[in-house]
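# Tertiary structure, described
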Amino acid sequence: MNAVVRETGLNWQDWRILRAAVELQTCRAQDISSESGLQKTHVSTGLSRLEKLGHIKRVSNPDHARNKLIISTEKGNELVQSASPVLDELESTLAAANDDNEGKALLRSLQEYEEHLGKMFEDPDVASKK
């Protein structure tokens, strides 16, 4: 979970919500709830935070006046594009280590990930893209 915060500045739930919004393109909160597996109340709260941060915007739904459509912004798209590869790799590594019950491999992977993050934040070009 801390890796998500370090990579994105978002908590784990907000990251899942943003990622679902980017993947679904124009959608409703209910769609994000289904895609992310999060309760609709959590999605609604997360959408408010993401909107304040400029990662998504909500627009009127021409089909249902009471529902809003969620659209990811360029800022949200860029964050998902930049953070997804690192977080996907970490998730795969953790899943593989868990499947094989290799605690040492997991620890080694986490140490390599920590080193990778350190290098990313040392490189001013990478840090400025965040």
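Shown above is the structure to which this text applies.
Residues numbered from 1 in each chain as written. Predicted model: local features only at pLDDT ≥ 70, side-chain atom pairs only at ≥ 80, totals over all residues. Heavy atoms only, no water.

Scanning the model with the defined rule gives four salt bridges in all. Its salt-bridge partner being glutamate 51, residue arginine 58 comes within 3.1 Å of it at the nearest N-O pair. A relative accessible area of 34% places glutamate 51 in the partly exposed class. (Salt bridge = Lys/Arg side-chain N within 4 Å of Asp/Glu carboxyl O. Buried < 20%, exposed > 50% of the residue type's maximum accessible area, 1.4 Å probe, protein only.)

Within the secondary structure, serine 33 sits in helix α3 (residues 29–36). We classify serine 33 as buried; its relative accessible area is 14%. Among all residues touching serine 33, those that are not within four sequence positions of it are Leu38, Gln39, Lys40 and Val43. (Helix = DSSP H or I, 4+ residues; strand = E, 2+ residues; numbered from the N terminus. Contact = heavy atoms within 4.5 Å.)

Before going further, it helps to examine the side chain of aspartate 14. On the secondary structure map, aspartate 14 appears in helix α2 (residues 12–24). A relative accessible area of 3% means that aspartate 14 is categorised as buried. Among all residues touching aspartate 14, those that are not within four sequence positions of it are Gly46, Arg49 and Leu50.

At glutamine 25, a residue that is not glycine, the phi angle is positive and equals roughly 70 degrees. With respect to the helices, strands and loops of the structure, glutamine 25 is situated in the loop between α2 and α3. Judged by relative accessible area, which is 54%, glutamine 25 ranks as exposed.

Here we take up α3. Given 3.6 residues per turn, any residue in an α-helix points the same way as the ones three and four places further on. Within α3, burial applies to Ala29, Ile32, Ser33 and Ser36. Axial view of α3: buried residues confined to an arc of 105 degrees, hence all on one face. Taken from the residues just after α3, glycine 37 is the one with a positive phi, measuring 80 degrees. (Arc of directions from axis to C-beta.)

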